[in-house]
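# Reading the structure
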Amino acid sequence: MGASTRLSTREITVEPGSRQSCEIQVRNTGQIVDQFVIDIVGDARGWTVAEPDVLNIYPGEEATAQVTFEPPRTPSTRAGDVPFAIRVISREDSQGSAVEEGVVAVGAFADLVVEIAPRTSRGRRRGRHQLSVENRGNLPLPLDALGADADQHLRFRFSPESFTVEPGTATFVRLRARPVKLFWRGPNKTLPFQAFVTGAVSPPKSVDATMLQEQLLPRWLLPAIALLIAGIAALLGLWFTVVRPAVKSAATDQVTKQTQASTKTAQAAKRAANQAQANSQKALTASGANGGANASGAAGSPSSSPTGGRIQLNVAPGKSGEQSLGGIPKAKTFQLTDVILENPNGDLGTIFLKRGSGILFELNLADFRDLDYHFVSPITVPKGVPLTYSVTCANTTKQACTPAVYLGGYLQ
């Protein structure tokens, strides 16, 4: 049981978008009536049809089916030889199936579409365009791009100049059109040209475009210069006619007032000096009479001495450093009157000024470069309590934080 087959031809040539056919003869070699299914195998399966695709054949007899090849005219149908197989399957005896093989030679076709955008460009020194080159054929196209204008007023530059477009794809080419001659002033010049795409396989394709060349000087420049000159002239006139006399008069009045005020101040100072001299004489007289008592009182008053110091730390990014103010005896009380902070490098992070474990100041380094504090009522640091300066560095670079502090006051 089974089938024997014979193909009318094993080599088929067909152009995309057209059709070609061949015949396959099937003979029933079995002893009973059988049904045979014709199946297409291979890359040609999508565009190949067998009619009829099922044959009912009596024992010892033959039947014929027509196989039609119709590749579509699309980029997906590549040019070249496409192998195929026709399988004849017996429904009564699957082991008795037969296969015929052949080759379809698919022809090549070129279909090139070229567009340009924009159609018209504007510029003083160059016009910019872009070519869209689409290959709607079924074979790769090596191409070259070039431009031409009838009056030779333009020079052209393509990027890229030579390229290959695969089937079913598009390539974009930048085009710059440069005028041969420039002009400073005048009406716009219309410069038409053509861009060509040529290749060995595809016929040349061209598109028309235009560059609108503009003058080098901006149109707003001369009116702006005229307005600027008019504005300067108006300001000069206003200055000499209105503002300058008013300023001179006001300055004269101010000088007169300041002179009068200075005279009054000098007279008041002279009277105060005379009064102070008289009071001093009275004090000296009283001191001569009570010299012993005053000396005793001065000896009993508390003593104080000024002191201070500067602390500068060098702290790596992401680290912290701390240092106490030296030179303060443990048996003395420190009265803090001046705090001067320095951050000349613009470091990032936080500084702390602590009295023992308590925080007196907490400041962000990003908030200052130089910062002064002066206290009329001093901050008291008791005996034996350290005055500590610490820095936490948050620089985003490898630069270390180097802020400094000066602490001033006096000891008691």
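Preceding block: the structure.
Residues numbered from 1 in each chain as written. Predicted model: local features only at pLDDT ≥ 70, side-chain atom pairs only at ≥ 80, totals over all residues. Heavy atoms only, no water.

Two modes of strand pairing occur in sheets, parallel and antiparallel, and in both the strands are linked by backbone hydrogen bonds. Spatially, 1-3-7-5 is the arrangement adopted by the 4 strands of the open sheet, whose pairing is antiparallel. The sheet is open, and its two edges are formed by strand 1 (3-7) and strand 5 (48-51), each paired on a single side. On average, each strand axis in the sheet is tilted by 25° relative to the strand beside it, whichever way the strands run. Sheet analysis places strand 3 (residues 20-28) next to strand 7 (residues 62-69), joined by 8 bridges and oriented antiparallel. Bridged to Glu 23 within strand 7 is Gln 66. (Pairing = 2+ DSSP bridges. Helix = DSSP H or I, 4+ residues; strand = E, 2+ residues; numbered from the N terminus. Axes fitted to C-alpha atoms, helices over the stretch in contact; angles between N-to-C directions.)

For the structure on display, the rule yields 5 aromatic pairs. With centroids separated by 5.2 Å and ring planes inclined at 50°, the aromatic side chains of Phe 156 and Phe 193 adopt a geometry described as tilted. Within this pair, whereas Phe 156 is found in strand 14 (residues 154-159), its partner Phe 193 is found in strand 17 (residues 189-199), the two being separated by 37 residues in sequence. Ring geometry for Tyr 373 versus Phe 375: centroids 6.5 Å apart, planes at 10°, classification stacked. (Phe/Tyr/Trp six-rings, centres within 6.5 Å; stacked < 30°, edge-to-face > 60°.)

Another point: the sheet that holds strand 18 (residues 205-213). Read across the open sheet, the 5 strands follow the order 11-18-17-13-15; overall the sheet is mixed. The open sheet terminates on both sides in strands that have one partner only, identified here as strand 11 (120-123) and strand 15 (162-165). Averaged over all pairs of adjacent strands, the angle between strand axes in this sheet comes to 30°, irrespective of strand direction.

We now examine the state of the cysteines. Within this structure, the stated rule accounts for 1 disulfide. Between the sulfur atoms of Cys 393 and its disulfide partner Cys 401 the distance amounts to 2.0 Å. Looking along the S-S bond of the Cys 393-Cys 401 disulfide, the torsion reads about 70°, which is the right-handed sense. Like Cys 393, the residue Cys 401 is buried in the burial classification. (Disulfide = S-S within 2.5 Å. Buried < 20%, exposed > 50% of the residue type's maximum accessible area, 1.4 Å probe, protein only.)

Ile 24, Val 67, Phe 69, Ile 86 and Val 104 are the most contacted members of the largest nonpolar core, which has 25 residues in total. Breaking this core down by element, the ones donating at least two residues are strand 1, strand 2 (11-14), strand 3, strand 4 (34-42), strand 6 (54-57), strand 7, strand 8 (80-90) and strand 9 (98-106). If you look at the next biggest cluster of nonpolar residues, it comprises 24 residues, including Ile 311, Leu 325, Leu 341 and Leu 411. (Core = buried A, V, L, I, M, F, W, Y, C linked by side-chain atoms within 4.5 Å.)

In short, the description is geometric, and any link to function would need to be established separately.
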